[in-house]
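Residue-level structural notes
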Amino acid sequence: MHVPDGFLDAPTSLATAAVAAAAIGIALRGARRELDDRIAPLAGLVATFVFATQMLNFPVAGGTSGHLMGGALAAILVGPYTGLLCLTVVLVVQSLLFADGGITALGTNVVLMGIVTVVVGWVGFRAAQLVLPKRLSMVAPAAALGAAASVVASAATFVVLYSVGGVIAIPFDTLLTAMVSVHTVIGLGEAAITFLVVASIVSVRPDLVHGARRVLVVRELETRLVAS
Amino acid sequence: MKRISTRTVLVVGLLVALALAGFLSFHASSSPDGLNRVATDLGFAEAETASATQDGPLAGYDLAGVDHGRLSGGLAGVIGCLAVLGLMSVLVLVRQRSPRPARTRGE
């Protein structure tokens, strides 16, 4: 869903760039706490994996394709702050080297595919974790729910931005219906990929998954109680 | 059960990423993505202006000067992976530099 140059007017692009810059500043501070000895080595891999997977457009209905956005996946694997840094690096490289997503639209793309997918993906994941049983096997399903929600939220946020600064006027409801319906299908793909990746890593090294830590802590406490 | 080392996870993960970007990307759908399709259908695709990096050597995920389509795209993917890995690693190193959080100093 890379927004090209020209879709949004200059004031809107400047505003999203300011929001993106502020969020990156917050993420740089927050990442310091997340980047411990276990997570730090993984951050580069997660960014690289998101970049690679974003190249893999999968077909959705009627001659349309979609690809992983990856904000939810990154947030769950390495934490939301580091996750936003991963997505930002991916979007900067795509924009500067590959002309994928505009230069003046870079702030917009960081907002849509970085901030919104990371925040909604992470909050959706945590909310699902609160409702689902506190087991390791529930980490991947919770991740999938967060991932699906993140894509729809990103599409809806684009519609809001477009209603403020779209260069060619399109009725809000028409655009919302079109964007949300196609991205609901793309969200299912996002959920499937996120589920597969999170489930794979949880099955071999759950301690390397940031979002699995609370569940691991619960398990350790139970073990101690039984031992005493 | 033998515990899989972090190094193994990193190496396997990286190889998977390189394989996805270098090989599988060739088989990715070339249909317009959700936003581009909606932009075309609703008539605001024409507002798009060319990116300043449109003429760069990697623009459009094809390495300039390599005529073989599959090789050109695959190499572009691998170069992109390495660029992302390098940039993110630098960012992590900078963030990690002080092992002790600065705020404990004043307490």
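The following paragraphs examine the structure supplied in this document.

Parameters at a glance
Residues numbered from 1 in each chain as written. Chains lettered and ligands numbered in written order. Predicted model: local features only at pLDDT ≥ 70, side-chain atom pairs only at ≥ 80, totals over all residues. Heavy atoms only, no water. Helix = DSSP H or I, 4+ residues; strand = E, 2+ residues; numbered from the N terminus. Rg over C-alpha atoms; globule rule 2.2 N^0.38 Å. Contact = heavy atoms within 4.5 Å. Areas by Shrake-Rupley, 256 points an atom, 1.4 Å probe, with all protein chains shown as cover. Lys, Arg positive; Asp, Glu negative; His and termini not counted. Charge placed at Lys NZ, Arg CZ, Asp CG, Glu CD. Buried area = accessible area lost by both parts, 1.4 Å probe. Salt bridge = Lys/Arg side-chain N within 4 Å of Asp/Glu carboxyl O. Polar contact = N/O pair within 3.5 Å; in protein donor to acceptor, adjacent residues only side chain to side chain. Nonpolar A, V, L, I, M, F, W, Y, C, P; charged D, E, K, R; others polar. Patch = residues over 30% accessible without salt bridge, like charges linked within 9 Å, V, L, I, M, F, W, Y side chains within 5 Å. Disulfide = S-S within 2.5 Å. Buried < 20%, exposed > 50% of the residue type's maximum accessible area, 1.4 Å probe, protein only. Phe/Tyr/Trp six-rings, centres within 6.5 Å; stacked < 30°, edge-to-face > 60°. 1 Å grid on protein atoms, 1.4 Å probe; cavity = no way out; pocket = protein on both sides within 12 Å on 5 of 7 lines; lining within 4 Å. Points joined across faces, edges and corners; volume = space filled by probe spheres on them.

Turning next to the overall build of chain A. Scanning chain A from N- to C-terminus turns up 8 helices and 2 strands. Listed by position from the N terminus, the elements making up chain A come as α-α-β-β-α-α-α-α-α-α. The C-alpha radius of gyration of chain A comes to 18 Å, within 12% of the 17 Å expected for a compact globule of 228 residues. If you line up chain A on its principal axes, its C-alpha atoms span 70 × 35 × 25 Å. Summarising the internal contacts of chain A: among those between residues at least 6 apart in sequence, 77% fall at separations of at least 24. Of the accessible surface of chain A, which amounts to about 8500 Å², a share of 71% is contributed by carbon and sulfur atoms. For chain A, the separation between the mean place of its 12 positive charges and that of its 11 negative charges on side chains is 14 Å.

Okay, the interface of chain B and chain A next. By a widely used convention, the size of an interface equals the accessible area lost when the partners come together. The partner chain A presents 64 residues to the 57 residues of chain B that form the contact. Taken together, the two surfaces of chain B and chain A that pack against each other cover about 5200 Å², and 72% of this comes from carbon and sulfur. Interface area lost by chain B to chain A is led by B:L35, B:Y61 and B:R95, which between them contribute 15%. The interface formed by chain B and chain A contains 1 salt bridge. Close ionic contact of B:R3 with A:D207 constitutes a salt bridge, the shortest N to O distance being 3.6 Å. The interface formed by chain B and chain A includes 15 residue pairs in polar contact (both at pLDDT 80 or more). The set of elements that each furnish at least two residues to the side of chain B that touches chain A consists of α1 (6-22), α2 (34-42) and α3 (69-96) of chain B. For the side of chain B that touches chain A, the leading source of residues is α3(B), giving 15 residues. Here the side of chain B that touches chain A is composed, by residue class, of 33 nonpolar, 18 polar and 6 charged.

What follows deals with a nonpolar patch on the surface. Among the surface-exposed residues, A:L96, A:L97 and A:I103 lie close enough to one another that they form a single nonpolar patch of about 210 Å² accessible area. Mapped onto the fold, A:I103 is located in the loop between α4 (80-98) and α5 (106-131).

Under the criterion given, the structure shown has 0 disulfides over all chains. In this structure A:C86 is a free cysteine whose sulfur lies 13 Å from that of B:C81, the closest cysteine sulfur available. Residue classification places A:C86 among the buried residues on the basis of a relative accessible area of 0%.

This part takes up unusual backbone geometry. At A:A99, a residue that is not glycine, the phi angle is positive and equals roughly 55 degrees. Looking at where A:A99 falls in the secondary structure, it is placed in the loop between α4 and α5. In this model, B:Y61 sits at a positive phi of 60 degrees, which is unusual for a non-glycine residue. Note on placement: B:Y61 falls in the loop between α2 and α3. Classification of B:Y61 as buried rests on a relative accessible area of 18%.

With that settled, the discussion passes to the packing of aromatic side chains. Any pair of aromatic rings gets described here by the distance separating the centres and the angle formed by the planes. Under the defined criterion, the tally for this structure stands at 8 aromatic pairs over all chains. For the pair A:W122 and A:F125, a centre-to-centre distance of 5.6 Å together with 35 degrees between the ring planes defines the contact as tilted. You can see A:W122 and its partner A:F125 sitting in helix α5, 3 residues apart, about one turn around the helix. On the accessibility criterion, A:F125 (0% relative accessible area) is buried. Joined through ring pairs, the aromatic side chains of A:F7, A:F158, A:Y162 and B:F44 make up one cluster.

On to the side chain of A:S95. Relative to the elements of secondary structure, A:S95 occurs in helix α4. Judged by its relative accessible area of 1%, A:S95 falls in the buried class. Polar side-chain contacts of A:S95 include one of 3.3 Å to the backbone oxygen of A:G102. Each residue touching A:S95, except ones within four places of it in the same chain, is listed here: A:D100, A:G101, A:G102, A:I103, A:L106, B:S51 and B:T53.

Its boundaries defined by the atoms lining it, the largest pocket holds a volume of some 870 Å³. Lining the largest pocket we find 34 residues, and of these A:N57, A:F98, A:D100, B:G60 and B:Y61 sit closest to its centre. By residue class, the composition of the lining of the largest pocket is 9 nonpolar, 19 polar and 6 charged. A volume near 560 Å³ is recorded for the second largest pocket. Around the second largest pocket, the lining comprises 22 residues; the ones closest to its centre are A:F49, A:V197, A:S200, A:I201 and B:G13.

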